[in-house]
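Architecture at a glance
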Amino acid sequence: MTKKIDKKLILDVISAFARFYMAYIWIKAGYAKLGENLSVTQSISAYEVFTPEWSGYLAYLIAPLEICGGVLLLLGLFLRPSSKVATFVLLLFMIGIGQAWGRGLGIDCGCFTVNPDEEAQVMNYMQTLARDTFYLILTVWTIKRPFNKFALHP
């Protein structure tokens, strides 16, 4: 006799993975940028989308916002709304990366590491967009089927 696979359990495992993994990703990305405003400003400026002033403003905002988004997911606060915001942000990041690739800019993503002492490496655009697509799928999954267990306010 074969055991019937519990579909709800499998979906719960996927939902838990999506929520907690993306919490980790957002916190990791934000933490890497804390206190690195000049480097983050340079990374944002390299995309050639914003003025130097706006790049500076965004450099101050991006780390705390990424960490805040990760903490919301980790604690299970407003899972659907915070995942909708994360979806929008991920799409903006992907558009920025796509336009840089399309324009032939040789830049580093600035996503998880910002170190001005290291020699800048040109990102692998295809790999970065594939990774972000995976993140986008997990984030949309959290909108559709949030893992409410251990959530303070789903």
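Placed above this text is the structure.
Each value, and the rule that gives it
Residues numbered from 1 in each chain as written. Predicted model: local features only at pLDDT ≥ 70, side-chain atom pairs only at ≥ 80, totals over all residues. Heavy atoms only, no water. Salt bridge = Lys/Arg side-chain N within 4 Å of Asp/Glu carboxyl O. Helix = DSSP H or I, 4+ residues; strand = E, 2+ residues; numbered from the N terminus. Buried < 20%, exposed > 50% of the residue type's maximum accessible area, 1.4 Å probe, protein only. Phe/Tyr/Trp six-rings, centres within 6.5 Å; stacked < 30°, edge-to-face > 60°. Lys NZ or Arg CZ within 6 Å of the ring centre and 35° of its normal. 1 Å grid on protein atoms, 1.4 Å probe; cavity = no way out; pocket = protein on both sides within 12 Å on 5 of 7 lines; lining within 4 Å. Points joined across faces, edges and corners; volume = space filled by probe spheres on them. Disulfide = S-S within 2.5 Å.

Further remarks concern the pattern of salt bridges. With the rule as written, the count across this model stands at five salt bridges. Between Lys8 and Asp12 there is a salt bridge whose closest N-O contact spans 2.9 Å. Within this pair, Lys8 and its partner Asp12 are both found in helix H1 (residues 7–33), separated by four residues, close to a single helical turn. With a closest N to O distance of 3.0 Å, Lys33 and Glu66 form a salt bridge. One end of the pair, Lys33, is in helix H1; the other, Glu66, is in helix H3 (residues 52–75), and 33 residues separate them in sequence. Of the two residues, Lys33 and Glu66, both sit in the buried class. Each member of the salt-bridge network shares a partner with another, and the members are Lys8, Asp12 and Arg145.

Taken as a whole, this structure holds 10 aromatic pairs when the rule is applied. Ring centres of Phe134 and Tyr135 lie 6.3 Å apart, and the angle between their planes is 50°; this geometry places the pair in the tilted category. The structure contains a cluster of three or more aromatic residues connected by ring pairs, namely Phe17, Tyr21, Tyr24, Phe134 and Tyr135. Over the ring of Phe112 we find Lys28; its NZ or CZ atom is 5.3 Å from the centre of that ring.

Glancing now at the layout of surface pockets. The calculated volume of the largest pocket comes to roughly 970 Å³. Lining the largest pocket are 38 residues, with Ile62, Glu66, Val89, Leu92 and Phe93 sitting closest to its centre. Elements supplying a minimum of two residues to the lining of the largest pocket: H1, helix H2 (37–46), H3, helix H4 (79–102) and helix H5 (125–144). Broken down by element, the lining of the largest pocket gets its largest block of residues, 11 residues, from H4.

Further remarks concern the state of the cysteines. The final tally for this structure, using the stated rule, is one disulfide. A sulfur-sulfur separation of 1.5 Å characterises the disulfide bridge that pairs Cys109 with Cys111. Just so you know, Cys68 is unpaired, no disulfide at all, and the nearest cysteine sulfur is the one on Cys111, 19 Å from it.

These values are about where atoms sit, not about what they do.
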